[in-house]
Amino acid sequence: MISVQQIHKKFGKLEVLNNFNLEFNAGKSYALMGPNGSGKTTLIKIILGMVLPNSGEVYVQGKSIKGSFSYRSNIGYMPQIGRYPDNIKIGQLFSMMQDMRPEVKNYDLELIEAFGLDKMMDKPMHTLSGGTRQKVSASLAFMFGADILILDEPTAGLDPMAAETLKNKIKKEKDAGKLILITSHILSELEELTDHAIYIHEGEIFFNDTISSLKEITGESNFSPAIAKLMEWSLKKNTKKTELTHV
Amino acid sequence: MKFVEFNYLLKAMKIKISLILLCFLTFSIDAKTVRLKPGQSIQAAVDQAFDGDTLVLAPGIYKEHEIIIRKPLSIFGESYPIIDGQDEGNIFLVAGEKIHFKGLKIINTGKSNMDDSAGIKFFDSKNCSVENLILDNTFFGLHFSNSSNLTIRNNHLTSKAEREYQTGNGIHLWKCKDSLIDNNFVKGHRDGIYLEFVTNTISQNNLIEENKRYGLHFMFSHDNSYIKNTFKHNGAGVAVMYTKNVLMKENIFEENEGASSYGILLKDITDSEVIGNIFRKNTIGIYMEGSSRTLFKNNTFTTNGWALKLMASCDENTFEANNFFANTFDISTNGNLVLNNLQDNYWDKYEGYDLNKDKIGDIPYRPINLFSVIVEKIPSAVILWRSFLVTLLDRMEKVIPSITPENMIDNTPKMKPYDFGSANS
Amino acid sequence: MFKLLKYSLYDIVKSRFALLYTLFMVLVAISIYQVSEDMSKVSLSLLNIMLMIVPLISAIFATTHFFNNLEFTELMLAQPVKRRDVFLSQILAVMFVLSMAILIGFGAPMLLWGADITVLTLLGIGISLSIIFAGLAFLASVLTRDKAKAIGISLSFWIYFSLIYDGFVLYLIYSLADYPLEKTTLSLVFLNPVDLGRVIMLMQLDISALMGYTGAFFQQFFGSAKGILLSSSMMFIWMLWPMGLAMRVFKKKDF
C-alpha cells in the first residue's frame with residue numbers, strides 16, 4: 001500500500017535518511033521505533049508530503065506522491081502535538097476538515113461521541129486542555145474512514161479511559177483491513193496494537209519484521225526487553241544490523 | 001503672387017471706399033459720430049474724421065491692419081466688431097492725445113519679433129484709453145511706449161502660442177507714467193503685464209494667467225502699486241527687478257510651479273511693501289536677491305515648495321505677522337549671515353508652547369530646517385524629504401543647531417494663525 | 001482555497017490582536033483629528049504612522065502569526081489540499097486583517113470628521129505597506145525554522161527599508177552631487193516600498209517643491225498622472241513579489 005523506495009534526505013549537512021526502502025501493506029499494523037533523531041518522524045513526514053526527499057520515490061496505493069496532494073485523502077494523520085487556531089471552535093474545525101474532503105460523504109463520528117466532543121462543539125480551541133485537543137486530533141484522523149492511518153504518539157496526553165477508547169478504535173480499524181502506522185514511546189501500547197516492528201537507527205533500518213520474530217531473535221519473551229536489547233545492539237555494533245535486517 | 005494681387009485689390013477697394021466716404025462726409029460735415037459697416041475702410045474713416053469724432057463700427061469683420069491714428073478720436077464697436085489683421089503687422093498704430101478705444105475685437109496680428117507687432121501700438125501718446133477690448137491671437141496685445149495718463153481697463157487678451165518666442169507681451173508699457181491698468185484678463189502671452197521705466201502707475205484687479213514667462217514683469221519702474229491682482233499658473237510667476245518704492249497689496253500669486261517658477265522673484269527691490277498677499281502652491285513663494293528695506297506683512301504663504309528663498313545679498317527686510325501654512329520648507333537661504341528681521345509670524349510647524357498665555361510662543365522658532373540647507377546644495381536630495389532619516393536629522397539639528405544660520409529666527413512666533421479675512425480662504 | 005481562507009479569516013478576525021490593532025488605529029485617528037482639523041496637518045501626522053508604525057506592526061504580527069500557526073499549518077499539509085492553498089489562506093488572512101484594521105480604524109472617524117484625497121491616499125499606502133511587510137515577514141518566516149530568527153529578519157527588513165536604505169541614498173546623492181542623478185535617485189526610491197509610499201505622498205503634499213527640480217524628467221514624472229500610475233504599479237509589484245517568493249519557498253519547504 002505504501003512503498004518507500006531509495007529515499008535519501010539531508011537536512012543541511014545532516015543525513016537523516018540514506019537509501020531508505022520500506023514497504024507497508026494493508027491490513028497490517030506497524031510500530032515505528034527508534035531513538036530520538038533516528039529519522040522516524042522524517043519518514044512519516046515524507047510519506048505525508050510535509051518533507052520533500054532529495055531523491056527517491058514514495059508510492060501510495062501504487063501512485064507516486066510527487067507533485068500530488070489528492071492521495072492524502074486516503075490518509076488519516078494524528079500529529080504528536082495538536083495545535084489549532086485559537087479562535088476556531090471545535091465544530092468549525094471539523095467542518096473545515098470535511099470541506100477539504102468534499103468527496104467523503106459518510107463521516108466516522110464514533111470517536112467524537114466516545115470522547116464526548118459532540119457536546120462541546122461551540123468551544124474555541126484555545127479554551128481546550130492538551131488532552132482534549134489530543135482527542136480532537138484523534139477524532140479528525142479517524143473521521144474520514146481513510147485506508148491508511150498514521151498516528152504519532154497517539155495516546156500521549158490522554159487520560160487512561162480515553163487512551164483505552166482510542167486503542168480499541170485502532171484495533172477495530174486494523175481488523176477492518178486498514179494500514180496502521182504508529183510511533184510511540186509506550187512499548188506496551190505498541191505490543192498491544194501492532195504486529196510488525198520497524199526499528200530505525202541513524203537513518204537506516206535496523207530491524208523490520210514481525211514482533212514474534214523480534215522476540216525470537218532477541219531471545220526475550222517480552223516486548224520491552226526485546227526492544228531494549230535491539231537498542232543495545234544497534235548502539236554497540238553497527239555491523240550486526242546487516243545480519244538482522246530483513247528487508 | 002497671390003498676395004501682391006490681393007494687396008492691389010485691397011488698395012483699389014480702399015480708394016473706392018474713400019471716395020464713397022468723401023461723398024458721405026460732405027453731406028454731414030458737422031456730425032461727430034461716423035458709423036462704419038464691414039467692408040468700409042477704418043483707415044479711410046480715420047483719415048476723414050475730425051478731431052474729437054467718434055467712429056462707431058457695426059458688427060462684422062473688418063480686414064485691415066496698420067491703421068494709423070494721429071488725432072484725437074474715439075473708436076467704438078457695437079457688439080464687438082472684429083478687426084482682423086490677417087497675420088500681418090500691427091493693427092492700430094496710435095500717436096496722439098485723447099484717443100479712445102472701446103468694444104472692439106482685435107485679432108490676428110503679424111508674428112514678427114522684428115517690429116513687435118501689436119493689436120494696438122501707442123507712441124508718444126497722452127490721455128488715451130483702451131477699454132472693453134477683446135484681443136485674440138495678437139503677438140503683442142496692447143503696446144505703449146513713451147506715453148502717459150493711460151487707462152487700460154476691462155480688456156480680455158488671449159494668445160494661443162505654444163512657445164515663449166512665438167508670442168509677445170499682453171500689456172506692454174515702456175517709458176510710461178501716471179497710468180491705470182485695471183480689471184484686465186491676460187492669458188497665454190509671453191509676459192502678462194510688462195512694465196519698463198514706468199512710474200506712478202497702478203495695476204489692479206487684473207487676472208493674469210498661463211502666460212509663458214512672467215505674469216507680471218517690471219524693471220526700473222518706481223513708485224507703482226499692484227493691488228488685488230491674481231497671477232496664476234504663469235511659466236515663471238512674477239519677476240520684478242531694479243525698482244524702488246513698490247506697493248504690492250492683496251494680490252494672489254498661485255500655482256507657479258516649475259524649476260524656476262516663483263510667486264514673485266524680487267531682484268534689487270528696495271524700500272517697498274508687500275502686504276496682504278496670498279502665495280499659494282508656488283514652487284517658490286518669494287525669491288529675493290539683492291533686495292533691502294522691504295516690509296512683508298500680513299501675507300499668507302500656503303502649500304508652497306519654499307515659502308521664501310532669501311539670498312544672503314538681502315538685508316534689512318522685515319517679515320512681520322505673516323501666516324505660514326503647509327509649505328514644504330518655510331525659508332531657505334544660501335549663506336550663513338542673514339540680516340533680516342522676522343517677527344510675530346505664525347508658523348504651522350512651530351512646536352513650542354505658551355505658558356504665559358500671551359499667544360506668543362515662549363521659545364523662538366527657527367524657520368530654516370537642516371534639510372532645506374542640504375537641498376539648497378543638492379536639489380535632488382529633496383526626494384528624501386519626510387523620510388524617517390531626514391526627520392531624525394532635523395530633530396537633531398533643532399536640538400543642537402550646527403549648520404543652519406543662527407540669526408534667522410523668529411523670537412515672537414504666534415501660537416494661532418492670523419485671520420486676514422478673505423486672505424485666508 | 002476559499003474554504004481554507006474562510007476559516008483562517010474567521011480565526012484571525014476573532015483574535016485579540018485584530019481587536020486591539022483596530023482599536024489602536026481608532027485611537028490614533030481620533031487623537032490626530034482632535035489635534036487639528038486642518039487636513040494637511042492630519043495627513044502629516046498620519047504619514048509617520050503609516051510609513052513607520054504600520055509596517056513595523058505588520059511585520060511582527062505576520063511573523064508571530066506564522067509561527068503560532070505552524071503546527072496547524074503542518075496538519076493542513078497532511079490533508080488533501082495544495083500547499084499553495086495552505087500558504088495563501090494563511091497570508092491572505094493576515095493581510096486582510098491588517099488592512100481591515102486600518103480601513104475600519106480610520107474609516108469610522110473619517111466618516112465623522114471628513115477626509116480628503118490626501119488622507120485617502122495615505123490610507124491606501126498604509127494598506128499597501130501592511131501587505132508588503134506581511135509578505136516580507138512571511139518570506140522571513142519560511143526562510144528559517146526559528147521564530148526569534150524570523151522576527152529578527154522581519155525587523156531587519158523594517159529597519160533597512162525605513163532608515164538604512166535612505167541613509168545609503170543620501171550618501172550616494174551627497175557623494176555624487178556633481179552628476180545628474182535624478183533618474184538614479186528616483187529608481188532607487190522605487191526599490192524601497194517605504195520610500196515609494198513616501199514619494200506618492202510627496203506628490204500630494206509637496207508637489208510644489210518637487211516641481212522645483214531642474215530635470216525635465218522630474219517635471220514630467222511629478223507633473224503628470226503618469227507619475228502616479230507608475231508609482232502605484234510599482235507599489236503593486238512590491239505587494240506581489242515578497243508574497244510570491246515566500247510561496248515558492250513554502251512550496252519546497254520541509255516541515
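The rules behind these values
- Residues numbered from 1 in each chain as written.
- Chains lettered and ligands numbered in written order.
- Predicted model: local features only at pLDDT ≥ 70, side-chain atom pairs only at ≥ 80, totals over all residues.
- Helix = DSSP H or I, 4+ residues; strand = E, 2+ residues; numbered from the N terminus.
- Contact = placed C-beta atoms within 7 Å.
- Core = buried A, V, L, I, M, F, W, Y, C linked by C-beta atoms within 7 Å.
- Buried ≥ 20, exposed ≤ 12 C-beta atoms within 10 Å, placed from the backbone.
- Domains from an automatic or database assignment.
- Nonpolar A, V, L, I, M, F, W, Y, C, P; charged D, E, K, R; others polar.
- Pairing = 2+ DSSP bridges.
- Axes fitted to C-alpha atoms, helices over the stretch in contact; angles between N-to-C directions.

Enquirer: When you look at the environment of Tyr353 of chain B in this model, what are you seeing that I'm missing?
Expert: Residues and elements named next belong to chain B. Turning to its location among the elements, Tyr353 is positioned in the loop between strand E39 (346-347) and helix H3 (370-377). Here the alpha-carbon distance between Tyr353 and Pro364, two residues eleven residues apart in the chain, equals 10.0 Å. Contact partners of Tyr353, with chain neighbours within four places excluded, come to Gly361 and Asp362.

Enquirer: When you look at the nonpolar core in this model, what are you seeing that I'm missing?
Expert: One broad trend across soluble globular proteins is that nonpolar side chains are buried collectively. With 258 residues, the main nonpolar core has Ile150 and Ile198 of chain A, Ile120 and Val238 of chain B together with Ala134 and Phe138 of chain C as its most contacted residues. If one sorts the elements of this core by residue count, helix H6 (residues 117-143) of chain C sits on top with 16 residues. Residues from two domains meet in this core; each of domain 1 (32-214) and domain 2 (236-368 + 405-425) of chain B gives at least three. Dropping the residues within four chain positions of it, Ile150 of chain A is found in contact with Ile44, Ile47, Leu48, Ile75, Tyr77 and Leu181 of chain A.

Enquirer: Looking at this model, I keep getting lost on the interface of chain C and chain A. Mind explaining?
Expert: Where interface size is given, it is often the accessible area lost as the parts come together that is meant. With 20 residues of chain C at the contact, the number on the chain A side is 25 residues. Listing elements by their share of the side of chain C that touches chain A, those giving two or more residues are helix H1 (2-13) and helix H4 (70-77) of chain C. Per-element accounting of the side of chain C that touches chain A gives the leading share, five residues, to H4 of chain C. A class-by-class count of the residues in the side of chain C that touches chain A yields nine nonpolar, three polar and eight charged.

Enquirer: Mind showing me how you'd approach the interface of chain C and chain B here?
Expert: Residue-level contacts link 31 residues of chain C with 27 residues of chain B. Taken together, the elements giving at least two residues each to the side of chain C that touches chain B come down to helix H3 (39-68), helix H7 (147-175), helix H8 (182-190), helix H9 (193-205) and helix H10 (207-210) of chain C. Ranked by residue count, the leading element in the side of chain C that touches chain B is H7 of chain C, at eight residues. For the side of chain C that touches chain B, the class distribution of residues is 17 nonpolar, eight polar and six charged.

Enquirer: I tried to follow the sheet that holds strand E37 (residues 329-333) of chain B on my own but got confused; where do I start?
Expert: Residues and elements named next belong to chain B. As summarised here, the arrangement of the twelve strands in space is E4-E7-E10-E13-E16-E19-E22-E25-E28-E31-E34-E37, forming an open sheet in which the pairing is parallel. Of all strands in the sheet, those with a lone pairing partner are strand E4 (67-69) and E37, marking the two edges. Neighbour-to-neighbour, the strand axes of this sheet turn through a mean angle of 10°, independent of strand direction. Sheet topology places strand E19 (residues 193-196) next to strand E22 (residues 216-219); four bridges connect them, and they run parallel. By the bridge assignment for E22, Glu196 is matched with Met219.

Enquirer: Honestly, the pairing of strand E6 (residues 75-78) of chain A in this entry has me stumped. Any pointers?
Expert: Remember that side chains alternate between the two faces of the sheet whenever the strand is regular. Residues and elements named next belong to chain A. Alternating positions in E6 separate into two faces, Ile75 and Tyr77 on one and Gly76 and Met78 on the other, with burial throughout. As defined by bridge partners, E6 adjoins strand E7 (residues 148-152) across four bridges and the pair is classed as parallel. Paired with Met78 across the strands is Leu151, a residue of E7.

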